[in-house]
Number of protein chains: 2
Amino acid sequence: MATVVPLRHPLKTLSTSPLERLKDLVSDDLAAVNQLILQRTESQVEIIPRLAGHIIASGGKRLRPLLTLACTRLCGYEGARHVKLATSVEFIHTATLLHDDVVDESSFRRGTPSANALFGNEASVLVGDFLFSRAFELMVEDGSLDVLHVLARAAAVISEGEVLQLMTANDSTTSEQAYLEVIRAKTAELFAAACRIGALVARRPAADEEALRTFGINLGIAFQIVDDVLDYASDQTRTGKTSGNDFREGKMTLPAILAIHRGDDDERTFWKRTLENIDQRDGDFDHARALIDQHRALQDSLDRARHYGAIARDALGTFPASPIRQALLDIVTFTIEREF
Amino acid sequence: MATVVPLRHPLKTLSTSPLERLKDLVSDDLAAVNQLILQRTESQVEIIPRLAGHIIASGGKRLRPLLTLACTRLCGYEGARHVKLATSVEFIHTATLLHDDVVDESSFRRGTPSANALFGNEASVLVGDFLFSRAFELMVEDGSLDVLHVLARAAAVISEGEVLQLMTANDSTTSEQAYLEVIRAKTAELFAAACRIGALVARRPAADEEALRTFGINLGIAFQIVDDVLDYASDQTRTGKTSGNDFREGKMTLPAILAIHRGDDDERTFWKRTLENIDQRDGDFDHARALIDQHRALQDSLDRARHYGAIARDALGTFPASPIRQALLDIVTFTIEREF
């Protein structure tokens, strides 16, 4: 049996998690975002709100729109533009989730049946496109070319990242550098865009926008590494999060990449069979976890994530101390030390 | 007075440094490269060999061509193509050094007068171009389009990196992310190209080329961070390396960026005066070192470098154990823990 990585701060046991504290700090804005999500996924075509509602309601952390709301607040903005833009960010994210599940042929997302499993691939593709279009509509309504530039570029880079991921999927020789380039594109660029918007909306100097870009991109990389760690580490009975999805799909993530590079030829034959040929038998996932354990691949993946977390934290240094800055700093720790 | 960062392994005290051991392992090839360097910098135009000789002879570590020679050997190649290509890599590096010194208006490089100080800016620019052309000539003589693609791209990315560096120079609000992007372009891409060539010449599978790219890019990032640390940390009387060049030029490097992000408004006023306005007085460099010390910026910069070093080391995991692999692993440690 593989072991679960001991996490240094059992944040879940605190009465409120950093995520909840951040939500509390921007609760009115978050309520407005949730309202706008419902409103903008309405459609005469009955399957659209149903499918969009399924994925948006199914328990995401709303982390990306929260970052937009929090970074806007951090920049001292008092208007209302950030609500539309945070919604746009969430729509871009949701659209990529829908398309992702089709590409991965996933049957489950966050423990519930995935949209494509329930509604079919075609509907998932098209509703993803619908959400992308709604996202662009919201940006255009906002009317700032700077914001459009940042978000449109992020959307393009995400697609590039997904294609790049498709190219490296099931290639057990994937390098760590290629992995980092994939997660930077598919995850971290949207985090960076979500954060930069705060400085753009508040018309802050370029240095603040750069600081928030640095914060977002490095938080995003850390977030994705930890997500990939949890897929090998999660104790399903304890956290409710299913594990082993990446293994089953042959997705090349950091824990496997490190184990492969540190293993011997026999082990690489195992990884080639399971991840490249997707020829998987009973006990293979447990064996994969044991190898990952033996090579300290989860611990070292988390250490890699901590490096990016440290860069993200330093990036907020030039903003004056405030509850919102503290909440954002705590989110970095939470992102890395979370168990779900 | 600022203190010198204690380095964990005083490698200089070993009888042979990892760099010397690596040179020993490829000594015949290295002699051939040195011969070819002399031969290809010959010219009727007397100033060309004199100026090229000045910079090439002035004590560089030959690290980049060494990487090409060592990675080629690591891949089991037995032919002679790598000698020309390693020379090409050194010419690209030397050309950028020449142009760099003109851009930076440097008077010294590695403790001796810089080429532009001795021969004038115009000659440095033109001899840099001469070396670039010679580098391309050597690649073309090699005749592999794959190699040409990798080296030509690296040369283009270096130029991009230099321009990006020019844009961030004297901007005391430079983000850590922008810094990382600059050093990746201006330093790490050539390291990556130098290493990849080994797999290309030996016609190894794409996975080996990817592994060497990962090795090179991360070693290059670590190398540049440590170079930038040494410019604040070096004890000139002990190491012979001058320090404070980056500070005097207002170059934005990681130690300063971390100190700025961790400092207060008064400190940022100091950095703005010294690095942005280049209004520097007696004692300013010592004060800068004290601030960097107080914020643990050298230690944490080295920790950042160690992260990239760890990625570089893991990248070599799939190559069979050999003296040359060990020497390359030791070079990673040497790069990070060196004092010069």
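Quick caveat, the model's predicted, so the values are computed rather than measured.

Asker: If you had to explain the overall build of chain A to someone new, which residues and values would you point to?
Answerer: Of the regular secondary structure elements, chain A holds 17 helices and 2 strands. Computed over C-alpha atoms, the radius of gyration of chain A comes to 20 Å, within 12% of the 20 Å expected from 2.2 N^0.38 for 340 residues, which places it in the range of a compact globule. Expressed as lengths along the three principal axes of its C-alpha atoms, the size of chain A is roughly 60 × 45 × 35 Å. Contacts in chain A between residues at least 24 apart in sequence constitute 77% of all its contacts with a sequence separation of at least 6.

Asker: Explain helix H5 (residues 81-104) of chain A to me, using residue names and the numbers behind them.
Answerer: Residue and element names in this part refer to chain A. With 24 residues, H5 should cover 34 Å at 1.5 Å per step; its first-to-last C-alpha distance of 35 Å lies within 8% of that length. Most of H5 sits inside the fold, with 21 of its 24 residues counted as buried. A positive phi of about 50° marks Glu105, the residue just after H5.

Asker: An account of the packing of helix H10 (residues 206-233) of chain B against helix H13 (residues 254-262) of chain B is needed here, citing residue identities and associated values.
Answerer: Residue and element names in this part refer to chain B. Taken N-terminus to C-terminus, the directions of H10 and H13 make an angle of 75°; their axes are 8 Å apart at the nearest point. Between H10 and H13, the interaxial angle falls into the category roughly perpendicular. Between H10 and H13, the contacting residues are Ile225, Asp228, Val229 and Tyr232 on the first element and Leu254, Pro255 and Ala256 on the second. By residue class, the composition of the contact of H10 with H13 is 6 nonpolar, no polar and 1 charged.

Asker: Report on the relation of the copies chain A and chain B, specifying residues and quantitative values.
Answerer: Screw-axis analysis of chain A against chain B gives a translation of 0.0 Å along the axis, an RMSD of 0.0 Å, and a rotation angle of 180°. Such a combination of turn and shift is consistent with a two-fold rotation axis. Residues of chain A ranked by C-alpha distance from the rotation axis are headed by A:His307, positioned 3.5 Å from it.

Asker: Describe helix H2 (residues 27-40) of chain A, listing the residues and the values that go with them.
Answerer: Residue and element names in this part refer to chain A. In this model, H2 (14 residues) spans 20 Å end to end at C-alpha, consistent with the 20 Å of a helix rising 1.5 Å per residue. Taken together, the buried positions of H2 are Asp29, Leu30, Val33, Leu36, Ile37 and Arg40. Each buried residue of H2 lies within a common arc of 120° when the element is viewed along its axis, so the set occupies one face. With respect to the buried face of H2, the exposed residues turned more than 90 degrees away are Asp28 and Leu38.

Asker: Provide a residue-level description of the environment of A:Gly283, including the pertinent values.
Answerer: Of note, A:Gly283 is situated in the loop between helix H14 (265-276) and helix H15 (284-294). Measuring from C-alpha to C-alpha, the distance between A:Gly283 and A:Arg153 comes to 43 Å, with 130 residues separating the pair along the chain.

Asker: Explain the pattern of salt bridges residue by residue, including any values.
Answerer: Where charged atoms of side chains with opposite charge meet at close range, the side chains can pair. In this structure the tally under the stated criterion is 56 salt bridges over all chains. For A:Arg281, the salt bridge goes to A:Asp279, with nearest N and O atoms at 3.4 Å. Across the salt bridge formed by B:Arg134 and B:Glu137, the nearest N and O atoms sit 2.8 Å from each other. Linking B:Arg134 with B:Glu137, this pair stays in helix H7 (residues 121-142), spanning 3 residues, or about one helical turn. By relative accessible area, B:Glu137 is classed as partly exposed at 35%.

About the cut-offs
- Residues numbered from 1 in each chain as written.
- Chains lettered and ligands numbered in written order.
- Predicted model: local features only at pLDDT ≥ 70, side-chain atom pairs only at ≥ 80, totals over all residues.
- Heavy atoms only, no water.
- Helix = DSSP H or I, 4+ residues; strand = E, 2+ residues; numbered from the N terminus.
- Rg over C-alpha atoms; globule rule 2.2 N^0.38 Å.
- Contact = heavy atoms within 4.5 Å.
- Expected span 1.5 Å × (residues − 1).
- Buried < 20%, exposed > 50% of the residue type's maximum accessible area, 1.4 Å probe, protein only.
- Axes fitted to C-alpha atoms, helices over the stretch in contact; angles between N-to-C directions.
- Parallel < 35°, antiparallel > 145°, perpendicular 65-115°, else oblique.
- Nonpolar A, V, L, I, M, F, W, Y, C, P; charged D, E, K, R; others polar.
- Least-squares fit on C-alpha atoms with pLDDT ≥ 70 in both.
- Arc of directions from axis to C-beta.
- Salt bridge = Lys/Arg side-chain N within 4 Å of Asp/Glu carboxyl O.

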